[in-house]
Amino acid sequence: MKNFCKKLCLLAGISLLFSNNILSADNNQYFGAGKGTKESPFWIENAEQLQNINKFPNAYFIQTKDIDISDKEFSPICSFSNPFTGNYDGEGHRISIKELGAVDGNIKLAGIWGYTSNADIKNIIVDIEANLNLTGRVCLGAITACSNNTNISNCSISSDSNLQVKAEKCLYLGGITGYSAFNSNIKNCSFDGRIIGHSLGDFDSVCAIGGIVGENRTGSTIKQSTLSESASISGNSSIAPAWVGGIAGFNESSTYVCDCHSVVPIDIKPKYKNQSHILTLITKCNTAGTVSGYSTERIAVGGIVGFNVADISECISQGCSNTRGSIIKCEDVPSALLGGIVGDNTGKVYNSASLSNLKMLSDGFLAVGGIAGRNAGLISHCNYYSITGKGLSSFTALRSFNVFAALESVSARGGIAGINDNTYKNAAIENSKVFGNNNSQIIASYGHSRGTYGEITGLNIE
C-alpha cells in the first residue's frame, strides 16, 4: 500500500509542477458567459461546457442549469497530468450521468472529476451510474476520484445513483471521493445510492470502500456527512484485505505522510511536514443504511469506518426512521472484525453511539462489538443500544456465528468490543455504556484476546 501511495503522490506532484501553464479565455466560446474569475466565473450550462473545464482547470465556475448526460459516456474532468485546481459552485443544480467512464493510466480515475488539487467544489446534486471493469489500480468517487488539498461541501448523491466497479488490483471507492488526502475536507455531504466494489488484487493490494470516502488519509477530515437509510455499501475482495465503512473504508493518521514531502509543490506543501502525528478526523457523521463485506483473506466492517487508525468523534450509526438500526453484516467469511462504529480500531473513538443491527456468519476467527470488533486503541464515552424487541437495534443476531461448533472458542463478542486487544499498543475502554437486557448474548463480555486485556474502566450495563 505504501508503494502505491508513493506512486500516487509522485504523479500528483509532478503534474502540479505544470499546472500553472494553462489557457486563459478572452471570450465565451467554451462557456455560457463569464471570464473565469472569482468576480465573474464561467457559466456551465451543458455537458460540452462541463468537459471544457479541462481547458481552464484553475478557473472559477458556476453551474446555471441542470445537466443531463444520457446520450454518451462521460469522461472524468481533469487527471494527474492536468489537475483541477479551480473552484466549482453547482448552485444547487443537478448533474445526471447515465454512463461514467474512467481516465486511463497506471491508476484509473473515475468520477465527475478525475483528480483535484487545491480545489473547491460545492453545492451539487448528482445522479450517477457506473459499471466498470478495470485493470490496474482504481480510484472511484461520484464527485472526485482522487482529491489532494480539496474542499468538497454540500454535495449529495441521489438514491438513483449506482457505483459498481471491479478492479484488478487496489480499489479505493467512495460515494463522494475514492481517495482523499493532504488536508482535504468533506463537509455536509450525503450518499443515498448503492455502492458495490470488488477487488481482485493480491496480498499487496487494498480494497477500501466507504459511503463518503474510500480512503481518508494524511490530515484530511470528513464532517457532518451522512449515509442515508436506503443506501447500501458492499465490499468484496478476492485475496487482499477489505475495509468497508458507512462513512470511510480506511481512516488513517499517517506518520510517514506517503513519503511525499519532496514532490508536493511548495505552494500547497503540508504544514505538518515535521510532525510525527497527523490528525485525520471523522466527526459528526451519521450512517443509517446497510454496510456489508466479504473477503477470502480478512475483512473489517464498521458502521462508520472499516479500519480506523486516526480519530472518530461524535458519530452515530442508527436507523433514521427508528424502524431498525443500521445493518452491518458479513456472511460466510473466514476471518472478520465487525463493529457498530468501527470494525478494527487502533485509533481513538470518542462520544459516539451505535444502534446497529450486527450480523455475522463465519467458519473462522471473528470478533463482533457494539462499538468495535477489535479495539487496540481508545474507546471513550461511547454507547451501544441493544433494545431487543423494540425494532431499534439488535444484539440477538450475535449468536455463536461459527458454522462449526468446534471453532466457537475463537469467536469474541461484546457490548462495546469483541476484543480489547493490548498486543500491539495500549488498548483502553473508558466511561462507556451498554443499554439493553439480553443476558443470553453476554453483551458485557469482552470475549477473546490474543494478548493481555487492555484497560477497561467505567463500564456500565443498563
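This is a predicted model, so every value here is computed, not measured. (Residues numbered from 1 in each chain as written. Predicted model: local features only at pLDDT ≥ 70, side-chain atom pairs only at ≥ 80, totals over all residues. Heavy atoms only, no water.)

Trainee: It is not clear to me how the overall build of the protein should be interpreted in this structure. Could you clarify?
Mentor: From N to C terminus, the protein includes 2 helices and 44 strands. A burial count over the protein gives 60% of its 462 residues as buried. Here the contacts in the protein between residues at least 6 apart in sequence split such that 81% fall between residues at least 24 apart. (Helix = DSSP H or I, 4+ residues; strand = E, 2+ residues; numbered from the N terminus. Buried < 20%, exposed > 50% of the residue type's maximum accessible area, 1.4 Å probe, protein only. Contact = heavy atoms within 4.5 Å.)

Trainee: What exactly am I supposed to notice about the pairing of strand S32 (residues 342-345) here?
Mentor: Side-chain positions along a regular strand alternate between the two faces of the sheet. The sheet contact formed by strand S28 (residues 305-308) and S32 spans 3 bridges and is parallel. Bridge pairing in S32 places Val305 opposite Val342. Alignment of S32 against strand S36 (residues 372-375), held across 3 bridges, turns out to be parallel. Residue pairing across strands places Val342 opposite Ala372, the latter belonging to S36. (Pairing = 2+ DSSP bridges.)

Trainee: Hey, could you run me through the side chain of Asn383 in this one?
Mentor: Structurally, the position occupied by Asn383 is in strand S38 (residues 383-385). Those residues in contact with Asn383, other than ones at most four positions away along the chain, are Ser352, Ala353, Ser354, Ile371, Ser432, Lys433 and Phe435.

Trainee: Which parts of the structure should I look at to understand the nonpolar core?
Mentor: For soluble globular proteins, the rule of thumb is that nonpolar side chains tend to be buried together. Judged by nonpolar contacts, the single largest core of 88 residues is most densely connected at Phe61 and Tyr88. At 7 residues, the largest contribution of residues to this core is made by strand S7 (residues 120-134). In contact with Tyr88, not counting residues within four places along its chain, are Ile44, Leu50, Ile53, Phe61, Gln63, Ile95, Trp113, Asp120, Ile121, Lys122 and Ile124. If you look at the next biggest cluster of nonpolar residues, it comprises 23 residues, including Cys139, Ala181, Ala208 and Ala412. (Core = buried A, V, L, I, M, F, W, Y, C linked by side-chain atoms within 4.5 Å.)

Everything listed here is a matter of coordinates, which is why it stays silent on function.
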